[in-house]
Amino acid sequence: MAENKSPWGNSNDDDQNPWKPRQDDAVPQDIEELLRKSQDKVRKIMNGGNNKKGFNLKNFWAILGVVVLLWALTGFYQVQPQEQGVVLRFGKYAYTTAPGLHYHLPYPIETVLKPNVSRENRIEIGFVSEQPFRRSKGVPARNLQAENIALTGDENIVEVNFTVTWKVKNAGDFLFNVRDPEATVRTAAESAMRDSIGVTPIMEIIADDRKGVQERAEKTLQSLLDKYKTGITVTSVQLTKADAPAQVIDAFNDVQRAKADKERLSNEAEAYRNDILPRARGEASRIISEAEAYKARVVDAAKGDTARFTAVLEEYLAAKEVVARRLYLETMEDVYGNVDKVIVDKKTGGILPYLPLNEMNKKK
């Protein structure tokens, strides 16, 4: 009969079976025997290495000292640069340590937590990005419409999307004063943003003063978190969207276009006013200046005529015949000085020839 050989060789040869442990690798099967041997070894150590029965107190204190030393050494811990050490004494917050090597009383008296305080956390409010920064598992879906609706200072409704980035400032407050940091920051951020939008007209939010809205919201948010003692510092509040609601966007755009037309016409009217008024004021000023000059000229001429008449009257009263003759001659000179004259002499009965001085002056 042929032998039944296994692929490992002779099946009857236990030494060639790879699945059967060798004699020198066999483990004790009797657990009680194993415990007895362990107790014997400990007893030998306590008895000073001999088999005599009894208790060696010196060795006991030595072992106890080593155990206590090893237990005390477990109190050393290292805090990394991006961490803060939070020491708990019997489970209660005791103090916070900075990065570096530190020591606390060994467990279970004191323990240490080392949260990361350099990581920047990001919360999206009013929207969910395609690749969110962090999303907690098991969190129910948020009502985005309720998050991003706010009432402006001029009683309009606006939809806003914004992000908040924050870091841990005080690890002790962060761990023990806040149960859900993300929910707390989200709720406080919504409140702060609505407070900032509630005092701002819609056009400033949409186009003109986004930076001012962000700064006011960030300041209010940090004040709320400090009041709650959350140990959180806000690094930025960033508006990513600010528009009228989709249901009324067309009507809103019509209103904005009407306002733009009104503003344009008002600017044109103001430009016309600024052009016509200065010219009208200049023309009025010129007319007034000319009238004042005419008034001064006429008054001065009248005063001069009055003074001249007064002087002539005084001379006339002093010498009536002479003054009357002179006035007559001056009057005749004024009357006939610029007219063509023909002189007729009664004595000769004809025209008196004279030198035509006027004609000679005209030729010149």
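Residues numbered from 1 in each chain as written. Predicted model: local features only at pLDDT ≥ 70, side-chain atom pairs only at ≥ 80, totals over all residues. Heavy atoms only, no water.

1. Considerations on the overall build of the protein chain
On a plain count of helices and strands, the protein chain comes out with 10 helices and 13 strands. Expressed as a percentage of its 364 residues, the buried residues of the protein chain come to 21%. Contacts in the protein chain between residues at least 24 apart in sequence constitute 61% of all its contacts with a sequence separation of at least 6. (Helix = DSSP H or I, 4+ residues; strand = E, 2+ residues; numbered from the N terminus. Buried < 20%, exposed > 50% of the residue type's maximum accessible area, 1.4 Å probe, protein only. Contact = heavy atoms within 4.5 Å.)

2. A few points about the packing of aromatic side chains
Scanning the entire structure with this criterion turns up 3 aromatic pairs. Relative to F176, the ring of Y93 lies with its centre 5.7 Å away and its plane at 35°, an arrangement referred to as tilted. Separated by 83 residues along the polypeptide, Y93 in strand β5 (residues 92-97) and F176 in helix α4 (residues 171-176) bring together distant segments of the chain. Taken together, a centroid distance of 6.1 Å and an interplanar angle of 45° make the contact between W166 and F174 tilted. The exposure class of F174 is buried, given its relative accessible area of 15%. (Phe/Tyr/Trp six-rings, centres within 6.5 Å; stacked < 30°, edge-to-face > 60°.)

3. Things to note about the pairing of strand β3 (residues 76-79)
With burial as the criterion, only one face of β3 is covered, namely that bearing Y77 and V79; the residues F76 and Q78 on the opposite face remain uncovered. The sheet contact formed by β3 and strand β6 (residues 100-103) spans 4 bridges and is antiparallel. By the bridge assignment for β6, Q78 is matched with L101. (Pairing = 2+ DSSP bridges.)

4. Structural notes on the confidence of the model for the protein chain
Parts of the model with low pLDDT should not have their predicted coordinates read in detail. Taken residue by residue, the protein chain gives an average pLDDT of 78. The fraction at 70 or more is 76%. Predicted confidence is poor over residues 1-14, with pLDDT under 50, and the contacts of this stretch with residues over four places away or in other chains come to 6 contacts. Low pLDDT (under 50) marks residues 16-28, which in the prediction has 4 contacts with non-local residues, meaning those over four places away or in another chain. (pLDDT = per-residue confidence, 0-100.)

5. Remarks on the sheet that holds strand β7 (residues 110-113)
The 3 strands are arranged β5-β4-β7 in an open sheet whose pairing can be described as antiparallel. Sheet topology places β5 and β7 at the edges, where each strand pairs with a single neighbour. Put simply, the sheet's adjacent strands are angled 30° from each other on average, direction ignored. The sheet contact formed by strand β4 (residues 85-89) and β5 spans 5 bridges and is antiparallel. Across the sheet, residue L88 finds its bridge partner in β5, namely Y93. (Axes fitted to C-alpha atoms, helices over the stretch in contact; angles between N-to-C directions.)

6. Examining unusual backbone geometry
Residue P108 follows Y107 across a cis peptide bond; omega there is 10°. Counting through the fold element by element, P108 comes out in the loop between β6 and β7. In this structure, K229 takes a positive phi of about 55° despite not being glycine. With respect to the helices and strands, K229 occurs in the loop between α7 (210-227) and β11 (232-243).

7. Some thoughts on the pairing of strand β10 (residues 157-168)
With respect to burial, β10 is a largely interior element, 10 of its 12 residues being buried. Pairing between strand β8 (residues 121-125) and β10: 5 bridges, direction antiparallel. Bridging across to β10, I125 finds its partner in F162. In terms of strand pairing, strand β9 (residues 149-151) meets β10 through 3 bridges, oriented antiparallel. Bridge pairing in β10 links L151 to I157. Linkage of β9 to β10, two consecutive antiparallel strands, is achieved through a turn of 5 residues, within which E155 is found at a positive phi near 65°.

8. Here we look at the nonpolar core
Within the largest apolar cluster, 33 residues are counted, with the highest numbers of intra-cluster contacts made by F162, V164, M193 and L221. Secondary-structure elements contributing two or more residues to this core are β4, β8, β10, α4, α5 (181-197), α6 (202-208), α7 and β11. Filtering out sequence-adjacent residues up to four positions away, M193 remains in contact with V160, F162, V213, A217, V237 and L239. (Core = buried A, V, L, I, M, F, W, Y, C linked by side-chain atoms within 4.5 Å.)

9. Some remarks on the pattern of salt bridges
Applying the stated rule across the entire model yields 13 salt bridges. In this structure, R264 engages E268 in a salt bridge whose closest nitrogen and oxygen atoms are separated by 3.2 Å. In this pair, R264 and E268 are both assigned in helix α8 (residues 249-318), 4 residues apart and thus about one turn of the helix distant. On the accessibility criterion, R264 (42% relative accessible area) is partly exposed. Overall, the relative accessible area of 45% leaves E268 in the partly exposed class. (Salt bridge = Lys/Arg side-chain N within 4 Å of Asp/Glu carboxyl O.)

10. Side note on a nonpolar patch on the surface
Among the surface-exposed residues, V66, L69, L70, L73, F76, L101, Y103 and L105 lie close enough to one another that they form a single nonpolar patch of about 790 Å² accessible area. Mapped onto the nonpolar patch, the elements with two or more residues apiece are α2 (57-73) and β6. Among the elements that take part in the nonpolar patch, α2 stands out by supplying 4 residues, more than any other. Following the sequence through the fold, L101 ends up in strand β6. (Patch = residues over 30% accessible without salt bridge, like charges linked within 9 Å, V, L, I, M, F, W, Y side chains within 5 Å. Areas by Shrake-Rupley, 256 points an atom, 1.4 Å probe, with all protein chains shown as cover.)

11. Considerations on the side chain of T230
Looking at the secondary structure, you find T230 in the loop between α7 and β11. There is a polar contact of 3.2 Å between the side chain of T230 and the backbone oxygen of L225. With residues up to four places along the chain from it excluded, the contact list for T230 reads D173, F174, V178, T184 and L225. (Polar contact = N/O pair within 3.5 Å; in protein donor to acceptor, adjacent residues only side chain to side chain.)

12. Observations concerning the environment of P115
Note on placement: P115 falls in the loop between β7 and β8. Owing to a relative accessible area of 16%, P115 belongs among the buried residues under this scheme. Note: C-alpha distance between P115 and E83 (32 residues apart in sequence) is 5.6 Å. The contacts of P115, once residues within four sequence positions are left out, are Q82, E83, Q84, V86, A171 and L175.

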